[in-house]
Structure formats: structure tokens, C-alpha cells
Amino acid sequence: MAEAVPEEAAAAAAAITTWEPGLGAIVRQLEITPPGASAGALAGLALGVKDLIAVAGTPRECGAPGLVDPAPQAAHATVVTRLLAAGLTVVATTATHQFAYGVVTPQTRNPRAPGHIAGGSSGGSAAALAAGICDVGLGTDTGGSVRIPAACCGVVGLKTTFSSIPLDGIQPLSASLDTVGPLARSVATCAAAYEAMSGRAAGPAGEDGDDRPRVGVIRELASVGIDPEVRAAYQTALADLEADGARLIDVALPLLPQANGAAGRVLAAEALAVHAERLAAFPPEGAGRPLWQPDVLERFARGRQLDGATVASARGAGERWRVVLREVFTRVDVLLAPTLPCTIPRVGVDPVTVEGRPQPVVGALTRLTNPWNLAGVPAGSVPVGTDDGGAPIGMQVIGAWDDEPRVLEVMAALERLRGGPLPAVDPGAARE
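Note that the structure is a prediction, hence the values are computed from the model and not measured. (Residues numbered from 1 in each chain as written. Predicted model: local features only at pLDDT ≥ 70, side-chain atom pairs only at ≥ 80, totals over all residues. Heavy atoms only, no water.)

Novice: Tell me what's going on with the overall build of the protein, and back it up with residues and numbers.
Specialist: Within the protein, the secondary structure is distributed over 12 helices and 15 strands. Since a compact globule built from 432 residues should have a radius of gyration of about 22 Å, the 20 Å found for the protein is in line with a globular shape. Dimensions of the protein along its principal axes, counting C-alpha atoms only, are 65 × 50 × 40 Å. Taking all 432 residues of the protein together, 57% fall into the buried category. In the protein, the proportion of contacts linking residues at least 24 apart, taken out of those at least 6 apart, comes to 76%. Summed over all atoms, the accessible surface of the protein reaches about 16300 Å², with 54% contributed by carbon and sulfur. (Helix = DSSP H or I, 4+ residues; strand = E, 2+ residues; numbered from the N terminus. Rg over C-alpha atoms; globule rule 2.2 N^0.38 Å. Buried < 20%, exposed > 50% of the residue type's maximum accessible area, 1.4 Å probe, protein only. Contact = heavy atoms within 4.5 Å. Areas by Shrake-Rupley, 256 points an atom, 1.4 Å probe, with all protein chains shown as cover.)

Right, here's the structure in full:
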């Protein structure tokens, strides 16, 4: 007698059949069940794993077939093992921008906002969640690669504290910036996945005897380029939190722009070092077809232009940035900022216009996410509304090192205040 297919795997298979290949979110359909019974919050849920993260018995393409070893992975990455133990069933590997070095995931469509990018580099996980293919997605975040696609696809994503969760089995990009984190349609599910991945409880917060979060209002955001619809959503989120009992505290972060630029330079240098041998071994074209995405090659080229003094200066800026934030987080519990400064770009549009000014799409989309990777602090994105065209707007909650519980608490408050999590998209309604 054939073994029964787990309910979550059957549901995922049906959703994949409905959405693919047009969605471009799924690399491989899988059915890897938990090793034993589980009664936790994640039991019976479906997991999509970014195709940068090892799943035993499955090739890890990293969005770059032809540039990586095609052999199946010998073992699960630790994060996959932990989520399986929590009761999740792996139903797919999900698409990534090549080697996680981009913010678009060009092969993937956005089910929540047709015609707009899914975001990257964990775009496949975010799109699969929005489409209802999986309940939890695994992503990596080096400069915004969990939070950006979460914002684009109207789901929840958490960038975890640097070095707090093992990265074994995950293709590296930047040794001092890489993190792994969960995505989900609700903050509650994202928090449960974080607990399983980290072994740490996601709550409660408010250990100082006052459960009202102290929310830092970043003074510099009043004068930087942010689209009017995004700024309005940001101001509404602050007002909602204050009405809900949060204490708003003005915070000056004059190093914010420098931290963004420094993060980009550190990433460029470290990514070039990680891939130097691969770049030497594989020319821009091979096997009769392009192997490298042009935008990725452009980023490597910019990395070659950086000298040692420039990179050392960027690392020094990171040290000064962390000193500033240590002091700030003695006065506030979290900081609030839009995840993206602009509405979601349309597919193929680069540069994008932010408050009337053209900017390269990578620079625009990472401007408010990069600084927190340089600091190593946790940050999450949660949907808080839509723009005039109905595309989602994500809000970013940033916390102190290892204070994911407080970050998730404020994310949950925003989700509740804005009407709850967004449901999966009806495939019949997602037509361009």
C-alpha cells in the first residue's frame, strides 16, 4: 500500500500546480517529513527553503545552475534540521537572486502585486508564502534580503541578530553581514519559527516592569527621500503605536547614511573574496549560455575597485555605528522605519524614482535595511497597508542585539492595529 502523503505536502503540491511555472518561486518540489511527532505551533505546517540553504539529498543551486556543484547536499543545514524537529514538512526549495547578491529575484513574480518585483534575494520564499504554497519560508539577509521581499510580497520577515543562529550548510556571501531568518504570513508563525531556529523564546518582553514599548522616532527620516505614500504609512504606524500605549522617543542618528554606504562597501569586498575562485574559473558566458546575471557581475566589478584603506574605513564606520546604537538602545526598545523608502518597483524598472528623484534600484531598496546588517542587530518587516495601486507597504522594526522578542512584540502590535495578517492570494485574482 502506498504511504499516505502528509496533508501539508499535498496542499503544497496542489498550490504549486496552480501557480507554477508562471510564479517562478519554486526550484524543486519536495516532501521531507518531520523525524517524529510534534505538537508545537509549527506542527503540520509547510516549509519552503531558500535554494541557498542545504537540504539533504537535494542539489543547492544558489540561483546559479552551472556555477555550483550539482551534487545533492549530504546533510541538512542546522536551521532545516531544527525546523523539521519542530514539526514542519519541507515542501520545496525556493528561488533566490543569484548567490543572494541582489534585491529583485528576476525569475520570480509577485503574487500580491502583479507587475511589481517580488524583491530579493529571498524572493522565492516570500512569493511562495504570499501564494499559499508554504506556511514558513527560510531566507538569508545580508543587506535586506529577508525584509525587502517580505515588504514587496506583503508577508512578515525577520532578520536575526548576527551570529545568533548557525549558518552551516548555507552558501556564504559576506562573512560579517550574513544572517538567516524566517518569513511567514503572520507574526505569530514567524515568532514560532524563530524560536525553533534559535532555541530562544520569542517573549515575553518588558522586563523593566513597564510593558509599553519605547519606540525610537529617527529624526533623520524626516529629511531623507521617502515616497509620500510610504511616509504617510510610517506616520500612521507611529500614531497607531502611540495610541496603543507605546512611548515615542525622538532619536538622532546622524551616522545612518554613512552606515548604509559602509555596509555596501563591506559587502562588496567580502562577496568578491567569497567568489574570487568561482569568478576566475567561470567566464561571464559558458556552455553556450550566460551563467552569470549581469547585475551580479557589475557588483563584483565594483568590489574590485575598492582598495584596502576604503574597506578598512568602512569597517571602522561600522564600529562607530555600533557604539552609537548601544547608547540609543539604553533609551529606546526599538526603532521604527519604513522597510523600503519607495513603493514597490515595477519589473524591469531601474533606476526607480524615490520622491521624484531617480535612484538605482539596489541603492534605493537597501538604503533603510543595510545599516542594521552593519550593526548586527535584529530587524523585522511587517505589512502595514497598501499604496494607491494596492501594492503592500512594509514597516521595519529594529531592536537591540538578541532582542528579537521585543522586535516581534512590536511587529505583532502593528499587525493587530492594521487589521491582522494578510491572507494568501487567490490565484484567480493574481493576474497581470
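Resuming the write-up.
Novice: Help me get a handle on the packing of aromatic side chains, residues and values and all.
Specialist: One pass over the structure, following the stated rule, counts five aromatic pairs. Consider the rings of tryptophan 321 and tryptophan 372, whose centres lie 5.5 Å apart with planes at 40 degrees: the pair is tilted. Of this pair, tryptophan 321 sits in helix H9 (residues 308-328) while tryptophan 372 sits in helix H11 (residues 370-375), and the two are 51 residues apart along the sequence. Across the pair, tryptophan 372 and tryptophan 321 agree in class, each one buried. (Phe/Tyr/Trp six-rings, centres within 6.5 Å; stacked < 30°, edge-to-face > 60°.)

Novice: Please provide a residue-by-residue account of the sheet that holds strand S1 (residues 26-32), values included.
Specialist: With respect to topology, 11 strands assemble into an open sheet ordered S1-S3-S2-S4-S6-S5-S14-S15-S11-S7-S8, the strand pairing being mixed. In this open sheet, the two edge strands, each paired with only one partner strand, are S1 and strand S8 (247-251). Each neighbouring strand pair of the sheet contributes to a mean axis angle of 25 degrees, computed without reference to strand direction. As defined by bridge partners, strand S7 (residues 214-218) adjoins S8 across five bridges and the pair is classed as parallel. In the sheet register, valine 215 faces S8, and the bridge partner there is leucine 248. With respect to the sheet, helix H12 (residues 404-417) is in contact with strand S5 (156-159), strand S11 (334-338), strand S14 (379-386) and strand S15 (392-399), its orientation differing from that of S14 by roughly 5 degrees. (Pairing = 2+ DSSP bridges. Axes fitted to C-alpha atoms, helices over the stretch in contact; angles between N-to-C directions.)

Novice: So, the nonpolar core: which residues are in play, and what are the values?
Specialist: Counting 101 residues, the largest nonpolar core has Leu335 and Trp372 as the members making the most contacts within it. Tallying contributions element by element places helix H7 (residues 256-281) first for this core, with 10 residues. Ranked by size, the runner-up nonpolar core spans 25 residues in total, among them Ala12, Trp19, Ile26 and Leu183. (Core = buried A, V, L, I, M, F, W, Y, C linked by side-chain atoms within 4.5 Å.)

Novice: Go over unusual backbone geometry, please, and point to the residues and values.
Specialist: Here the residue pair glutamate 20 and proline 21 is connected by a cis peptide bond, since its omega of 10 degrees sits within 30 degrees of zero. Relative to the elements of secondary structure, proline 21 occurs in the loop between helix H1 (7-19) and S1. Cis rather than trans, the peptide bond between glycine 120 and serine 121 has omega equal to 10 degrees. By the secondary structure assignment, serine 121 is in the loop between strand S3 (89-94) and helix H3 (123-130).

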